[in-house]
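Now for the letters of each chain:
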Amino acid sequence: MPTIIDVAKRANVSKSTVSRVLTGEGNVSKESREAVLKAVEELNFVKNSVASSMRTRKSKTVLLIIPDITNNFWSEVSKGAQIVLDKKGYSLMVANSDWQKEREERYLQLAMEHKVDAVMINAPDMDMEKVAKMIDTPIVVLGERSHQIPFPIVGTDSYKAIRKALDYVYSKGHKKIAIVLSSSFDSEGTKNSTKYRSYCDWMEEKKLEVKEDWIIKLPLSIDGGKSLFSIWKEMKDKPSVILTGNDLVAVGFAKSSSENGVKVPSDVSLIGFDDIPLVGLMSPGITTLQKPKSEIGAIAAERILEMLEGKEVPDRTLLDSLLIQRESVKGEEE
């Protein structure tokens, strides 16, 4: 395998000149640059990125820490980020925490040890103030936080999204409305979460009762949706519509309801959150709030690249969601 020395000999330049051409750093004459690039092509030289990272202490790698790799939402976010990073020669490493704080901390250790250049993370139970004191690597947090944190945020405007869903079901005649929140420990506390505040604010504006048993904490997964069905089935005063927290919960609920003779939306209406492909393929299709998944990943990656270049970036970038109407919500008069 040819080395940088072989390239230097073929181009009749110094090894340092070859290095400057390959890294894009420093001044090199047009003639020398062309000679080096020609030698690289003739020798089929492949730059050793591992050796380069040892010299520059740059890995050209960005770590993405996500809570649930089985959720298609995160594959779309990852793809959006990867497209942006690829253009700048960075690789994306995806780490699945499975909602486990210990794993998140272990993955962040890679940043502490400077084995990655930057981190994008969705970790609702992570104390970001503590992380900021431990790590000097650029970090972007994916997902909205209701309070200020020491890292830039890129996500969906959850407050507006919940109101959009509530306005829609209200227009269909629903007034008995339940909401699902994540049971994963959240450093903000459930009652400080953006979705909870949006729900309560809207209910108060409409002068509707907020029932504690209609605020349901569950894992945001298909199994969580199955548990949601069991909870709903045992309720004496059942809500007519449930904002399920995410699409996987809606899928789990719909599956259990079908198996138990309960019909969506005849017996209960559902609204998901994310718009993963599966909910559009179900019968009935699940009405959901579509997050701009790829755009979230792309913007987060752009923020990372800007931070790596020493640029200032916005504290919060919150994108709008889109209500996708399918067949899982019926009008109360129907």
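See the structure above.
Residues numbered from 1 in each chain as written. Predicted model: local features only at pLDDT ≥ 70, side-chain atom pairs only at ≥ 80, totals over all residues. Heavy atoms only, no water.

A. Local environment of the sheet that holds strand E9 (residues 269-274). Strands sit in the order E7-E6-E8-E9-E10-E12 across an open sheet of 6 strands; the sheet is mixed. On the outer flanks of this sheet lie strand E7 (215-218) and strand E12 (322-324), each paired with one strand and no other. For this sheet the average axis-to-axis angle between neighbouring strands, irrespective of direction, equals 20°. Across 4 bridges, the pairing between E9 and strand E10 (residues 287-290) is parallel. Pairing of Gly272 across the sheet is with Thr288, part of E10. (Pairing = 2+ DSSP bridges. Helix = DSSP H or I, 4+ residues; strand = E, 2+ residues; numbered from the N terminus. Axes fitted to C-alpha atoms, helices over the stretch in contact; angles between N-to-C directions.)

B. Structural view of the packing of aromatic side chains. Inspection of every chain in the model, using the stated rule, returns 5 aromatic pairs. Ring geometry for Phe229 against Trp232: centres 6.1 Å apart, planes inclined by 35°, an arrangement best described as tilted. Of the two residues, Phe229 and Trp232 are both situated in helix H10 (residues 222-234); the distance of 3 residues between them amounts to about one turn of the helix. Of the two residues examined, Phe229 and Trp232, each falls in the buried class. Among the aromatic residues, those joined into a cluster by ring pairs are Phe229, Trp232 and Phe253. (Phe/Tyr/Trp six-rings, centres within 6.5 Å; stacked < 30°, edge-to-face > 60°. Buried < 20%, exposed > 50% of the residue type's maximum accessible area, 1.4 Å probe, protein only.)

C. A look at the environment of Ile177. Mapped onto the elements of the fold, Ile177 is located in strand E6 (residues 177-182). The spacing of Ile177 and Val119 is 58 residues in sequence and 38 Å in space, taken between C-alpha atoms. If near-sequence neighbours (up to four positions away) are discounted, Ile177 is found in contact with Leu166, Val169, Tyr199, Trp202, Met203, Trp214, Pro239, Val241 and Leu243. (Contact = heavy atoms within 4.5 Å.)

D. Layout of unusual backbone geometry. Here the bond from Val264 into Pro265 is cis, since omega is 10°, no more than 30 degrees from zero. The omega torsion across Ser283 and Pro284 is 0°, close enough to zero to call that bond cis. With respect to the element layout, Pro284 can be found in the loop between helix H12 (277-281) and E10.

E. Spotlight on the sheet that holds strand E3 (residues 118-121). Read across the sheet, 6 strands follow the order E2-E1-E3-E4-E5-E11 without closing on themselves; strand pairing throughout is parallel. Since the sheet does not close on itself, it has two edges, and those belong to strand E2 (91-96) and strand E11 (316-319), each with one partner. Looking at each pair of strands side by side, their axes are set apart by 15° on average, direction ignored. Bridging between strand E4 (residues 139-142) and strand E5 (residues 153-156) involves 2 bridges; their strand directions are parallel. When the sheet's bridge partners are listed, Val141 is paired in E5 with Ile153. Of the strands in this sheet, strand E1 (61-66), E2, E3 and E4 touch helix H5 (residues 72-87), which is tilted by about 160° from E2.

F. The arrangement of the nonpolar core in detail. Grouped together as the largest cluster of nonpolar side chains are 71 residues, with contacts concentrated most on Met120, Tyr199, Ile242 and Phe253. It is helix H13 (residues 293-308) that contributes the most residues to this core, 7 residues altogether. Beyond its immediate stretch of four places on either side in the chain, Met120 contacts Val62, Leu63, Leu64, Ile65, Ala81, Leu85, Leu92, Val140, Leu142, Ala300, Ala301 and Ile304. In terms of nonpolar packing, the next biggest core, distinct from the first, is built from 19 residues, Ala95, Tyr107, Ala123 and Ile153 among them. (Core = buried A, V, L, I, M, F, W, Y, C linked by side-chain atoms within 4.5 Å.)

G. Quick look at helix H11 (residues 247-259). In this model H11 runs 18 Å from its N-terminal to its C-terminal C-alpha over 13 residues, within 8% of the 18 Å that 1.5 Å per residue would give. Burial runs high along H11: 10 of the 13 residues are buried. Here the buried face of H11 lies against H10, strand E8 (241-243), E9, H12 and E10. Its side-chain oxygen 3.2 Å from the backbone nitrogen of Leu248, Asn246 forms the N-cap of H11. Two residues or fewer after H11 comes Gly261, characterised by a positive phi angle close to 75°. (Expected span 1.5 Å × (residues − 1). Polar contact = N/O pair within 3.5 Å; in protein donor to acceptor, adjacent residues only side chain to side chain.)

H. Main features of empty space enclosed by the protein. The tally for this structure, following the rule as stated, stands at 2 cavities of 30 Å³ or more. In this structure, the second largest cavity encloses a volume near 50 Å³. In this structure, the second largest cavity is lined by Ile162, Ile179, Val180, Lys195, Leu243, Thr244, Gly245, Ile271, Gly272, Phe273 and Leu289. Elements supplying a minimum of two residues to the lining of the second largest cavity: E6 and E9. (1 Å grid on protein atoms, 1.4 Å probe; cavity = no way out; pocket = protein on both sides within 12 Å on 5 of 7 lines; lining within 4 Å. Points joined across faces, edges and corners; volume = space filled by probe spheres on them.)

I. The pattern of salt bridges, seen in detail. A complete count under the given rule lists 11 salt bridges for this structure. One salt bridge in this structure joins Asp237 and Lys211, with 2.2 Å as the shortest N-O distance. Here Asp237 is found in the loop between H10 and E8, whereas its partner Lys211 is found in the loop between helix H9 (194-205) and E7, with 26 residues between them in sequence. Here Arg303 and Glu306 are joined by a salt bridge, their closest N and O atoms 3.7 Å apart. Here Glu306 and Arg303 lie together in helix H13, a separation of 3 residues that amounts to about one turn. (Salt bridge = Lys/Arg side-chain N within 4 Å of Asp/Glu carboxyl O.)

By themselves, these observations are geometric and do not establish any function.
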